[in-house]
Amino acid sequence: FWAAAGGGGQPQQPQALAVRLEKWLTDHQPALKGVVRERQIASWKGLVIGSVAIQGQDRVHHAQDDDGMGDACQTLLRHWVTIASSVCDVVATGSPDPGRACAVAKLKAMGGVTPVALTSSGCQGEDVGAAGCVDVAIADGRALAGGATAEEGKLFEFDIEQLRAWVSRWRDA
């Protein structure tokens, strides 16, 4: 359950904060059971990557992108990874904004349940902090294309030298 909290008398906009849990969802939800059943009978047995706490999704917890997150946030992140892992082989996450590194605390909280992938923002230094926390690193085409979007039709026109530098940083991390 989310609530708007004021800025403590400061002239700033209200901030959405997680204040209580209304319902604890499990992997026994009918929709998830249906996906598991379909995966079991499908002829394609490829890798399925799902995402949790990534840009463009509703937030799991207001502190999910902070390195100083508390126990409640870590527990919620692990819980969502557990639910996603019931239908996915790998769970991906990333930073909230292009050009900002993903919080290492977030990666640590999500680890240990199933393989975790990082959709890399391309930030300098992100690889060093995240290297020991993730099983897979995925290059975010937006970061390598200078922030291009699919709508602009330039998403795959990234700089090959940026890609090589990204691969080299991860290989050396």
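Here, the structure is the one placed above.
To start, this report covers the structure provided alongside it. Fair warning: this is a prediction, and the values are worked out from it, not measured in the lab.

As for the overall build of the protein chain
Line of reasoning, step 1. Along its length, the protein chain carries six helices and six strands.
Line of reasoning, step 2. For the protein chain, the N- to C-terminal ordering of α and β elements is β-β-α-β-α-β-α-β-α-β-α-α.
Line of reasoning, step 3. By the burial criterion, 32% of the 173 residues in the protein chain qualify as buried.
Line of reasoning, step 4. When contacts within the protein chain are restricted to residue pairs at least 6 apart in sequence, those whose partners lie at least 24 apart make up 59%.
Line of reasoning, step 5. If you sum the accessible surface of the protein chain, you get close to 10,300 Å²; carbon and sulfur atoms cover 53% of it.

Let's talk about the pattern of salt bridges
Line of reasoning, step 1. Counted according to the given criterion, the structure contains four salt bridges.
Line of reasoning, step 2. With a shortest N-O distance of 2.9 Å, Asp89 and Arg39 are connected by a salt bridge. Residue Asp89 is found in the loop between helix H2 (71-85) and strand E4 (90-94), and its partner Arg39 is found in helix H1 (residues 30-41); the two are separated by 50 residues along the sequence.
Line of reasoning, step 3. Of the residues examined, Arg39 reaches a relative accessible area of 30% and is grouped as partly exposed.

Observations concerning the environment of Ser85
Line of reasoning, step 1. Considering the arrangement of structural elements, one finds Ser85 in helix H2.
Line of reasoning, step 2. On a C-alpha basis, the gap between Ser85 and Ile49 in space is 9.2 Å, while along the polypeptide they are 36 residues apart.
Line of reasoning, step 3. Leave out the neighbours within four places in its chain, and Ser85 touches Val91, Val113 and Thr114.

Some thoughts on the sheet that holds strand E3 (residues 49-51)
Line of reasoning, step 1. Taken in spatial order, the four strands line up as E3-E4-E5-E6 in an open sheet, and their pairing is parallel. Of all the strands in the sheet, the pair left with one neighbour each is E3 and strand E6 (136-139). Averaged over all pairs of adjacent strands, the angle between their axes in this sheet comes to 35 degrees, without regard to strand direction.
Line of reasoning, step 2. For strand E5 (residues 116-120) and E6, the ladder comprises four bridges, and the chain directions are parallel. Bridged to Ser120 within E6 is Ala139.

Rules behind the numbers
Residues numbered from 1 in each chain as written. Predicted model: local features only at pLDDT ≥ 70, side-chain atom pairs only at ≥ 80, totals over all residues. Heavy atoms only, no water. Helix = DSSP H or I, 4+ residues; strand = E, 2+ residues; numbered from the N terminus. Buried < 20%, exposed > 50% of the residue type's maximum accessible area, 1.4 Å probe, protein only. Contact = heavy atoms within 4.5 Å. Areas by Shrake-Rupley, 256 points an atom, 1.4 Å probe, with all protein chains shown as cover. Salt bridge = Lys/Arg side-chain N within 4 Å of Asp/Glu carboxyl O. Pairing = 2+ DSSP bridges. Axes fitted to C-alpha atoms, helices over the stretch in contact; angles between N-to-C directions.

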